[in-house]
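Listed here are the chains, written in short residue letters.
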Amino acid sequence: MSDQIKVSRRAALAGAAALPLAAAAGATRAAAPMMGTAMSPFHRIKVGGFDVTTLLAGTRAVEGPHNIFGLNVDADTFAAVSAEANLPTDVSQFFFTPTVVNTGSELVLFDTGLSGAGTTAALEAAGYTVDQIDVVVITHMHGDHIGGMTLDDGSLTYGNARYVTGRAEFDAWAAQDNDNFKAKIAPFAEQFSFLEDGGSVASGLTAMAAFGHTPGHMTYMVEDGGTQLVLGADFANHYVWSLAHPDWEVKFDMDKAAAAATRRRILDMMATDKTAFVGYHMPWPGIGYVEKAGDDFAYVPHSYQLML
Ligand SMILES: [Zn+2]
């Protein structure tokens, strides 16, 4: 989405609970502490012989989702669609989900999250070290995708990696006066190689142009052993307000008409081919299928198909 979004980690611990009445009355058992909601930091599936692991680099509640999704529909429409899907309209939950693919010969990280630490914690929980990352692919250059390029001291988070991004994306941001690009990408420009539509990151990892969200936004096809998975990045950023309503305008889509056309094209492809996808901002663990629903689409969360 945009570089204005920053994860403020939810307090890890609830405040000290008041003593339960039973304790005051002399009972020996105390109630277990309330711990709030929780999610695993990684989720691994198989695509042919590849291990594909989604990483929960961050999640946060965001108020006023109609200020972001459905800019071209009125409040009543937004409320009705949300109610039908059992979603509140005052607040939504955002997820930030880089993906790491082990092809057997290279470990490839797609996007770096909002910060180095957020993504590396999930990466390590998933059983990898930062030193093992061979390739970092940047789908597009919004802050929640390039923020983890560097550590707090400005050095590269993934020091052993080569870097890959779309040519059009790099050129578009390089032509702007953008602080995030200058901090996170420009110092390392020499380490990047650049892809066009159809370009290959590695065997089984192919770039697919999906322009609109940003000028050179890329999605990637992961394919091995006859199984495919789309890494959709930000072509659609909400499972109802974008998938079920691909023409709803999204604040963070830089070219709203192009983004909507791209959304329809990719959704139609995935629904027709019954291809699963990872969405960087889909509900954790970020993996699902697309079904046609009249002229629009419906999101079906992955269950166990890619475990088999
Ligand atoms: Zn994003």
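Conventions used here
Residues numbered from 1 in each chain as written. Predicted model: local features only at pLDDT ≥ 70, side-chain atom pairs only at ≥ 80, totals over all residues. Heavy atoms only, no water. Helix = DSSP H or I, 4+ residues; strand = E, 2+ residues; numbered from the N terminus. Rg over C-alpha atoms; globule rule 2.2 N^0.38 Å. Buried < 20%, exposed > 50% of the residue type's maximum accessible area, 1.4 Å probe, protein only. Arc of directions from axis to C-beta. Polar contact = N/O pair within 3.5 Å; in protein donor to acceptor, adjacent residues only side chain to side chain. Expected span 1.5 Å × (residues − 1). Contact = heavy atoms within 4.5 Å. Domains from an automatic or database assignment. Phe/Tyr/Trp six-rings, centres within 6.5 Å; stacked < 30°, edge-to-face > 60°.

Some words on the overall build of the protein chain
Item 1. Helix and strand content of the protein chain: 7 helices and 16 strands.
Item 2. On C-alpha atoms alone, the protein chain measures out to a radius of gyration of 20 Å, which is about the 19 Å that the 2.2 N^0.38 rule sets for 308 residues.
Item 3. The dimensions of the protein chain, computed from C-alpha atoms along their principal axes, are 70 × 50 × 45 Å.
Item 4. Within the span of the protein chain, comprising 308 residues, buried residues form 49% of the whole.

With respect to helix α2 (residues 75-84)
Item 1. Of the residues making up α2, those classed as buried are F78, V81 and S82. Angularly, the buried residues of α2 cover 100° about the axis, an arc narrow enough to put them on a single face. Counted as exposed and oriented over 90 degrees from the buried face of α2: D76, A83 and E84.
Item 2. Capping of α2 at its N-terminal end is provided by D74; its side-chain oxygen lies 3.3 Å from the backbone amide nitrogen of D76.
Item 3. Just beyond α2, the residue with positive phi is N86, at close to 60°.

Looking at helix α7 (residues 256-273)
Item 1. Across its 18 residues, α7 extends 26 Å between first and last C-alpha, which sits within 8% of the 26 Å expected from 1.5 Å per residue.
Item 2. Where α7 is concerned, the buried positions are A259, A260, T262, R263, I266, L267, M270 and A271. The arc enclosing the buried residues of α7, seen along the axis, measures out at 160°, which places them on a common side.
Item 3. Lining the buried residues of α7 we find β12 (218-224), β13 (227-233), β14 (276-279), β15 (287-293) and β16 (296-301).
Item 4. Near the N-terminus of α7, the side chain that reaches the backbone nitrogen of A257, with its oxygen 3.4 Å away, is that of D255.
Item 5. Just past α7, the residue K274 takes up positive phi, approximately 55°.

Brief notes about unusual backbone geometry
Item 1. Here W284 and P285 are connected by a cis peptide whose omega angle stands at 5°.
Item 2. Of note, P285 is situated in the loop between β14 and β15.
Item 3. Residues other than glycine seldom take positive phi values, yet N86 does so here, at roughly 60°.
Item 4. Following the sequence through the fold, N86 ends up in the loop between α2 and β4 (91-96).
Item 5. Accessibility expressed as a relative area gives 71% for N86, which makes it exposed.
Item 6. Positive phi, normally seen in glycine, also occurs at D111, with a value near 75°.
Item 7. The topology assignment puts D111 in the loop between β6 (107-110) and α3 (116-125).

Re the domain arrangement of the protein chain
Item 1. Once the domains are mapped, the protein chain shows domain 1 (1-32) and domain 2 (39-307).
Item 2. One C-alpha centre belongs to domain 1, the other to domain 2, and the line joining them spans 32 Å.

Looking at the packing of aromatic side chains
Item 1. A full pass over the atoms with the stated rule returns 12 aromatic pairs.
Item 2. Aromatic side chains F78 and W248 sit 5.9 Å apart centroid to centroid with 35° between the ring planes, which places their arrangement in the tilted category. Of this pair, F78 sits in helix α2 while W248 is found in the loop between β13 and α7, placing the two residues 170 residues apart along the sequence. Here F78 matches W248 in class, with each residue buried.
Item 3. Their ring planes at 55° and their centres at 5.3 Å tell us that F110 and Y220 sit as a pair that is tilted. Within this pair, whereas F110 is found in strand β6, its partner Y220 is found in strand β12, the two being separated by 110 residues in sequence.
Item 4. In textbook terms, an aromatic cluster arises when at least three aromatic residues are bridged by ring pairs, as seen for Y163, F170, F181, F192 and F194.

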